[in-house]
Structures are given as C-alpha cells and as structure tokens.
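Working through the structure, step by step
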Amino acid sequence: MYVKSILANNFRNISMQEIKFCKGINVLYGKNASGKTNALEAIYLFASGKSLRGSPEKDFIKKGEKMSKLTIDFESESAAGLTRSMSMTFLPGNKKIMKYGVSDVPRMSELLGHFRACVFTPDDLQMVRGAPEERRRFTDISISQIRPRFVHCLNSYFRILSQKNTILKNANITGKIDHDYLDILNEQLASAASVIVKQRSGFCEKLSEYARDIYGSISDDRESFGMRYVSHTKHSFDDEEFTKDAYIKLFKKNAEREIKYGMSLVGPQKDDIYFCIGKNCEISLNKEIEENEDIIFDEGFNARAFGSRGQQRSVVLSLKLAQGELFREMCGEYPVFLLDDVFSELDLARRSYILSNTENKQIIITCCDCDILGNFSDYHGIYVEDGKYGH
C-alpha cells in the first residue's frame with residue numbers, strides 16, 4: 001500500500017497544496033513549524049480517523065477560513081494499478097463530510113480499513129512510560145484499521161458505560177438506585193467487554209511474536225522482549241461467554257463500591273499492557289480471576305519502571321514495526337509508515353535498521369535536515385516551507 005498524493009485545502013497552515021509521494025522512502029524536510037507534521041497528520045486521518053496530536057477537528061481549519069478539505073489518492077497491492085480516493089471536508093461546528101470515491105460515507109467506522117498507516121512520533125515513548133490509556137489507545141486504533149467493526153463495539157461499550165456512570169453518580173448523591181436497570185446495563189457492558197478484551201488480547205499476542213523478533217534484531221540478541229495484555233478477567237479471553245460471565249460476577253461483586261465512589265471501577269477501560277525486557281522474558285499472573293494484581297516478570301524487568309530511555313525507544317520502535325508486520329499478515333500488504341521527527345531520537349544503529357528494511361514498504365519521514373540520513377541517498381526529498389511543499 002502506498003500514498004500517491006495528498007491534496008490539502010486550508011488544512012492547518014496549508015492553503016492549497018498537492019503533495020506527491022513515491023514508493024520507498026520519502027523525506028519531508030525543513031525548519032520546525034513549516035508544516036511537515038501537518039502532511040503526516042493529513043495522511044494518518046484517513047487510516048485512523050484520529051489526529052496525530054489529539055486535536056479537535058475545528059483546529060484542522062486554517063485560521064480565517066470557513067472549511068478545510070483533504071483528499072488522498074492511494075494504491076494497494078490487492079488492486080495494483082488502480083488508484084483509489086477518499087476525502088474529508090471539515091466544517092464549523094465539528095461537522096464533516098466523508099467520501100470514498102464519489103460515495104458519501106456517513107460514519108468514520110465505514111471509512112476505516114480501506115487505507116492503513118503506522119505512525120511513530122517522539123511522543124510515542126509515552127506508550128511505554130505513560131498511563132495505561134496510551135497503551136489501550138495504540139491497541140484500539142490498530143485493531144480498528146484491521147477490523148473496522150471493532151469501532152462499533154468500542155463506541156457501544158463507552159455509551160453504555162456513560163449511562164451506568166450517570167446512575168452511579170446519582171445513586172451516590174441520592175442514596176437511591178434502580179437495581180434492575182443497573183443489571184440490564186451490566187449485562188450489556190459485559191457482552192461488549194467480552195468482545196473488546198478478546199480482540200485486544202488476540203492482537204497483543206500476535207503483535208508480541210513480531211515485536212520479540214524485531215527487538216532481538218535491534219539489540220543484537222543481547223536482550224529479549226515480551227508483552228502481555230492484562231484484564232480484570234485475566235484468563236480464557238477467547239471464550240466470550242466465559243469472559244461475559246466473569247464480568248457480570250465482577251460487576252455484582254463491586255456494586256456497593258461503585259455506588260460509593262459514583263463510578264464504574266472494573267472493565268476494559270481499566271485494562272493495561274505490560275512490557276518486559278530481559279532474558280527469556282515472560283509475564284505471568286499469580287492471582288485468580290477476582291483480582292488484578294501481582295504481575296510477575298520472569299527473568300526480566302518492567303520496561304515502564306526500569307527500562308532506560310534507549311531500551312524504551314527500542315520497545316516502541318519494535319512495536320511500531322511489528323504493527324506493520326501484523327497488518328501485512330492480516331491484510332496482505334504493508335501499511336504506510338509515517339515517522340515524524342523520530343530519527344533525531346534514534347541512534348545510528350536504530351536508524352540503519354529502519355533504512356535497511358524497506359522492501360515493499362512506503363516510509364514517509366519528517367526531519368529538519370536530510371543529513372540525519374547519513375550516507376543513505378535512495379529517497380525522494382520534499383522541501384517544506386510555510387505550508388508549501390517543493391521538490
């Protein structure tokens with residue numbers, strides 16, 4: 001899969017520009033704040049529906065303008081030689097119009113899955129060092145690109161969770177609660193949660209296999225890598241009925257505590273992913289289903305708590321490259337790789353690893369100066385200045 005061009009109209013600092021890319025490595029270079037990341041963000045929106053920077057959609061519209069429009073042209077190996085097109089038009093009031101070809105697309109979940117991309121930014125270190133929310137977000141966005149219907153399940157779960165939190169908050173204030181209605185919500189939550197943890201855990205298990213090999217290559221096999229998805233239910237993720245029943249039991253067990261605190265205390269919104277570095281890394285659990293504590297790192301250590309900055313960078317790089325390998329396995333082709341100002345964060349060995357593993361991949365890199373690529377010269381350079389893109 002590769003991007004042929006992105007046409008941006010009044011997007012961020014871009015007035016009207018068509019940016020053309022080639023297969024292989026493309027380098028967007030120029031001073032800071034010139035618009036390099038804006039181009040990557042425009043591409044990434046079509047893969048994930050999310051801003052690279054977590055920005056609201058109103059920020060996409062260039063200051064002083066009434067609307068913003070993006071159009072992407074791309075090819076995939078499944079339809080070689082056939083250019084496909086998608087567009088997004090952003091309007092005031094968080095309204096947008098989406099199209100696939102000439103057909104209107106009413107929901108973002110129906111746009112996802114046609115075009116796939118993996119993005120790596122300096123902020124991605126938070127995936128290892130930051131809160132569990134960062135790790136869940138990476139997992140959910142990845143799964144959504146492979147299985148767009150997963151978005152429906154996530155949205156349904158969080159809509160029901162919001163309803164449950166509302167009645168728990170009111171119960172905390174008034175001391176009264178409709179237990180029958182709470183039971184109905186818990187049943188619906190458990191059903192959606194069982195699908196979510198099955199998809200997340202399955203994704204993490206497959207991702208771990210690729211990430212382990214990549215991490216070993218980056219570290220010259222001096223260290224190994226492991227990861228594990230940890231949920232309140234812990235075991236039998238593949239058995240949705242088991243997981244659903246386990247959640248119903250957990251909801252009942254925690255009912256009084258949830259009323260006391262006025263919020264839901266268990267569920268996929270509390271799950272985490274653990275990363276291990278060491279020799280023959282394994283992560284195990286020594287508690288039964290009712291508890292979610294005591295994570296054991298066998299012959300290794302917690303990368304979040306004890307990993308050096310270099311080791312944490314290697315973990316993130318391994319996960320991002322593994323994401324691409326998993327996409328290739330499940331979708332038949334590599335996604336587009338977007339590397340936003342990360343070469344300055346990587347040492348020569350890690351940069352060389354990326355540049356020497358480019359077969360059948362399109363990689364779009366942003367940097368201030370192409371000198372950071374060293375002796376590597378087989379790339380398509382695009383100079384960026386004040387929202388203009390030249391060659």
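Right above here is the structure, for reference.
Model, not experiment: these values are computed from the prediction. The residue numbering used here restarts from 1 in each chain and proceeds along that chain's sequence as written. Reporting in this predicted model follows two pLDDT cut-offs: at least 70 for local features of residues, and 80 or more for side-chain atom pairs to be given and counted; totals over whole chains, interfaces and linings ignore these cut-offs and use all residues. Only hydrogens and water are set aside; all other atoms, that is, all heavy atoms of the structure, feed into the side-chain values.

1. Here we look at helix α1 (residues 36-48)
With 13 residues, α1 extends 19 Å from end C-alpha to end C-alpha; this agrees with the ideal 18 Å at 1.5 Å per step. Phi for G49, located one or two positions after α1, is positive at around 75°. Only runs of H or I of at least four residues qualify as helices and only runs of E of at least two qualify as strands under DSSP, and these elements are numbered from the N terminus. By definition here, a helix of n residues has an expected span of 1.5 Å times n minus one.

2. Observations concerning the pairing of strand β2 (residues 14-20)
In the case of a regular strand, side chains alternate between the two sheet surfaces. A pair of strands counts as paired when DSSP detects no fewer than two bridges linking them. Note: strand β1 (residues 2-11) against β2, six bridges, orientation antiparallel. For A8, the partnering residue across the bridge sits in β2 and is Q17.

3. Considering the sheet that holds strand β13 (residues 362-367)
With respect to topology, six strands assemble into an open sheet ordered β8-β12-β13-β3-β14-β15, the strand pairing being mixed. Either end of the sheet is taken by a strand with one partner, and the two such strands are β8 (117-120) and β15 (388-390). Strand-to-strand twist in this sheet, taken as the mean axis angle between neighbours without regard to direction, amounts to 20°. As judged from the five bridges shared by strand β3 (residues 25-29) and β13, these two strands associate in the parallel manner. Bridge pairing in β13 places I25 opposite I363. Here, residues are in contact when the closest pair of their heavy atoms is within 4.5 Å. Between N-to-C directions, angles cover 0 to 180 degrees, with each direction set by a line fitted to C-alpha atoms, over the stretch in contact for helices. Against the sheet, helix α10 (residues 309-331) touches β8 and β12 (336-340), its axis set at about 175° to β8.

4. Here's the deal with the nonpolar core
One recurring pattern in soluble globular proteins is that nonpolar side chains are buried together. Here, nonpolar core refers to any group of buried Ala, Val, Leu, Ile, Met, Phe, Trp, Tyr and Cys residues whose side-chain atoms link them within 4.5 Å. We call a residue buried when its accessible area falls under 20% of the maximum for its residue type, exposed when it is over 50%, and partly exposed in between, using a 1.4 Å probe and counting protein chains only. By size, the foremost hydrophobic cluster in this structure holds 70 residues, and its most contacted members are F275, V315, L319 and L339. With 15 residues, helix α6 (residues 179-218) is the single largest residue contributor to this core. With near-sequence residues (within four places) excluded, L339 lies in contact with L40, F120, I354, I363, I364, I365 and T366.

5. Side note on the sheet that holds β1
Spatially, β2-β1-β4-β5-β6-β7 is the arrangement adopted by the six strands of the open sheet, whose pairing is antiparallel. Edge positions in the open sheet fall to β2 and β7 (103-104), since each of these has one partner strand only. α1 rests against β1, β2, β4 (68-75) and β5 (84-91) of the sheet, and its axis sits at about 110° to β1.

6. Let's talk about the packing of α6 against helix α7 (residues 240-253)
Relative orientation of the contacting elements α6 and α7 amounts to 130°, with a least axis distance of 8 Å. Regarding the angle of α6 to α7, the classification is oblique. In terms of crossing hand, the pair formed by α6 and α7 is right-handed. The residues of α7 that touch α6, namely those facing N186, E187, L189, A190, S191, A193, S194, V195, V197 and K198, are E240, T243, K244, Y247, I248 and F251. Asp, Glu, Lys and Arg are counted as charged, while Ala, Val, Leu, Ile, Met, Phe, Trp, Tyr, Cys and Pro are counted as nonpolar; the rest, among them Gly, fall into the polar class. Of the residues that constitute the contact of α6 with α7, the class distribution is eight nonpolar, four polar and four charged. Angles below 35 degrees are treated as roughly parallel, those above 145 as roughly antiparallel, those between 65 and 115 as roughly perpendicular, and all remaining angles as oblique. Note on convention: near helix rotated counterclockwise from far helix by under a right angle means a left-handed crossing. Clockwise means right-handed.

7. Things to note about a negative patch on the surface
There is a patch of like negative charges on the surface, built from E205, E209, D213, D238, D239, E241 and D245. Taken together, the elements giving at least two residues each to the negative patch come down to α6 and α7. Per-element accounting of the negative patch gives the leading share, three residues, to α6. Turning to its location among the elements, E205 is positioned in helix α6. Judged by relative accessible area, E205 falls into the exposed class, the value being 55%. Patches here: salt-bridge-free residues with over 30% relative accessible area, like charges joined within 9 Å, nonpolar side chains (Val, Leu, Ile, Met, Phe, Trp, Tyr) joined within 5 Å. Here the open area of atoms and residues is found with the Shrake-Rupley method and a 1.4 Å probe, where only the protein chains shown may cover a residue. Definition used for salt bridges: Asp or Glu carboxyl oxygen within 4 Å of a side-chain nitrogen of Lys or Arg. Two residue types count as positive, namely Lys and Arg, and two as negative, namely Asp and Glu; His and chain ends fall outside the count. For the purpose of locating charges, the reference atoms are NZ of Lys, CZ of Arg, CG of Asp and CD of Glu.

Keep in mind these numbers describe shape, not what the thing actually does.
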